[in-house]
Amino acid sequence: MHKGVFIGKHAAEQKKKVLILGESHHVGDYNRDCLGQEAEYTTESVIREDYYRDPYNPKYRIFDKIIKSFGYDPELPGARENFWETVYFGNYIPVLCGIKTGNAAELLENAENRRQYNNHLFEFANEKGIDVIFCFSRLVYKKLPEFSEDAKVRAFEQVDSIKCGKIGKVDDRIDRCRYCADSEHTAVDVLLNKSLTVFGMRHPSSGGGFKPSNYADKLKSELK
């Protein structure tokens with residue numbers, strides 16, 4: 001994940017340890033020559049120093065969309081801090097990507113990159129005792145580790161999808177998979193210390209649209 005993962009002040013105190021996983025930080029007018037490089041800023045600073053101070057800036061509205069996807073109203077007093085300070089947040093790709101340029105997809109098609117990113121993700125999950133990951137990027141979700149032949153025979157491993165409304169005329173869904181501890185998986189070298197459930201949703205800035213209410217009931221219940 002990108003450096004300086006956001007760690008909520010109360011994230012470690014929660015009964016269920018939650019990581020919200022995004023796709024990548026983006027280049028803008030001020031750093032267009034940095035495509036493919038690590039950003040100078042940390043993920044934590046984007047939330048604490050930018051989003052908290054200027055939540056209506058179009059660059060940071062993605063965070064409000066995520067809050068709404070769990071059934072919470074970010075406009076209520078203290079709602080933003082109350083939500084984010086109970087979770088971890090990180091971006092899967094550790095370098096800057098363009099917006100709708102295909103750059104992120106190209107990075108993830110590289111098998112070495114994919115393995116490296118998944119190793120970092122599972123290492124973080126082990127370090128923080130993560131129980132559940134909410135992945136707001138179908139592109140990233142599809143590049144997470146796959147089940148090995150050994151894992152497939154374990155009763156607790158599963159992959160499925162939950163229909164949850166529509167985006168226009170297109171069915172929306174929540175993808176879900178569950179990894180078992182101490183089991184090998186493809187495209188990653190790290191074994192998990194405990195079982196991990198991952199939910200996959202649309203990217204909040206998806207060109208096809210994003211409807212937080214499609215996810216709210218299911219995701220809110222999974223926070224408990």
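Presented here is an overview of the structure given in this document.

Conventions used here
Residues numbered from 1 in each chain as written. Predicted model: local features only at pLDDT ≥ 70, side-chain atom pairs only at ≥ 80, totals over all residues. Heavy atoms only, no water. Helix = DSSP H or I, 4+ residues; strand = E, 2+ residues; numbered from the N terminus. Rg over C-alpha atoms; globule rule 2.2 N^0.38 Å. Buried < 20%, exposed > 50% of the residue type's maximum accessible area, 1.4 Å probe, protein only. Contact = heavy atoms within 4.5 Å. Areas by Shrake-Rupley, 256 points an atom, 1.4 Å probe, with all protein chains shown as cover. Lys, Arg positive; Asp, Glu negative; His and termini not counted. Charge placed at Lys NZ, Arg CZ, Asp CG, Glu CD. Core = buried A, V, L, I, M, F, W, Y, C linked by side-chain atoms within 4.5 Å. Pairing = 2+ DSSP bridges. Disulfide = S-S within 2.5 Å. Polar contact = N/O pair within 3.5 Å; in protein donor to acceptor, adjacent residues only side chain to side chain.

### Focus on the overall build of the chain
Next up, step 1: When its secondary structure is counted, the chain shows 8 helices and 9 strands.
Next up, step 2: Here the C-alpha atoms of the chain give a radius of gyration of 17 Å, agreeing with the 17 Å that 2.2 N^0.38 yields for 224 residues.
Next up, step 3: C-alpha atoms of the chain, sized along the principal axes, occupy 50 × 40 × 40 Å.
Next up, step 4: Evaluated residue by residue, the chain yields a buried proportion of 51% over its 224 residues.
Next up, step 5: Within the chain, residue pairs in contact and separated by at least 24 positions form 73% of the contacts whose partners lie at least 6 positions apart.
Next up, step 6: Within the structure as shown, the chain displays about 11,200 Å² of accessible surface, and the carbon and sulfur contribution to it stands at 48%.
Next up, step 7: Where the 34 positive side-chain charges of the chain centre and where its 34 negative ones centre are 7 Å apart.

### Concerning the nonpolar core
Next up, step 1: If you look at the biggest cluster of nonpolar residues, it comprises 32 residues, and the most contacted ones within it are Tyr92, Ile93, Leu121, Tyr179, Leu196 and Val198.
Next up, step 2: Within the residue set of this core, elements represented by two or more residues are β2 (18-22), α4 (103-109), α5 (111-128), β4 (132-135), α6 (138-141), β7 (170-179) and β9 (196-200).
Next up, step 3: Residue contributions to this core peak at 5 residues, all from α5.
Next up, step 4: In this structure, Val46, Ile67, Val132 and Tyr215 belong to the second largest nonpolar core, which totals 26 residues.

### With respect to the pairing of β4
Along any regular strand, the residues point their side chains to alternate faces of the sheet.
Next up, step 1: Burial along β4 is two-sided: the face carrying Val132 and Phe134 and the face carrying Ile133 and Cys135 are both buried.
Next up, step 2: Here β2 pairs with β4 via 4 bridges, running parallel. Paired with Leu19 across the two strands is Ile133, which belongs to β4.
Next up, step 3: Here β4 runs beside β9; their pairing, made up of 4 bridges, is parallel. By the bridge assignment, Phe134 is partnered in β9 with Phe199.

### Some details on the state of the cysteines
Next up, step 1: All chains considered together, the criterion is met by 0 disulfides.
Next up, step 2: No disulfide involves Cys180; its sulfur sits 11 Å from the nearest other cysteine sulfur, which is in Cys177.
Next up, step 3: The class for Cys180 is buried, based on a relative accessible area of 7%.

### Topic: the side chain of His25
Next up, step 1: Tracing the sequence through the fold places His25 in the loop between β2 and α1 (43-51).
Next up, step 2: At 2.9 Å, the side chain of His25 forms a polar contact with the side chain of Thr43.
Next up, step 3: There is a polar contact of 3.3 Å between the side chain of His25 and the side chain of Asn91.
Next up, step 4: Sequence-distant contacts of His25, that is, excluding residues within four places in its chain, are made with His2, Tyr41, Thr43, Val46, Asn91, Val95, Leu96 and Cys97.

Taken by themselves, the reported measurements are silent on function.
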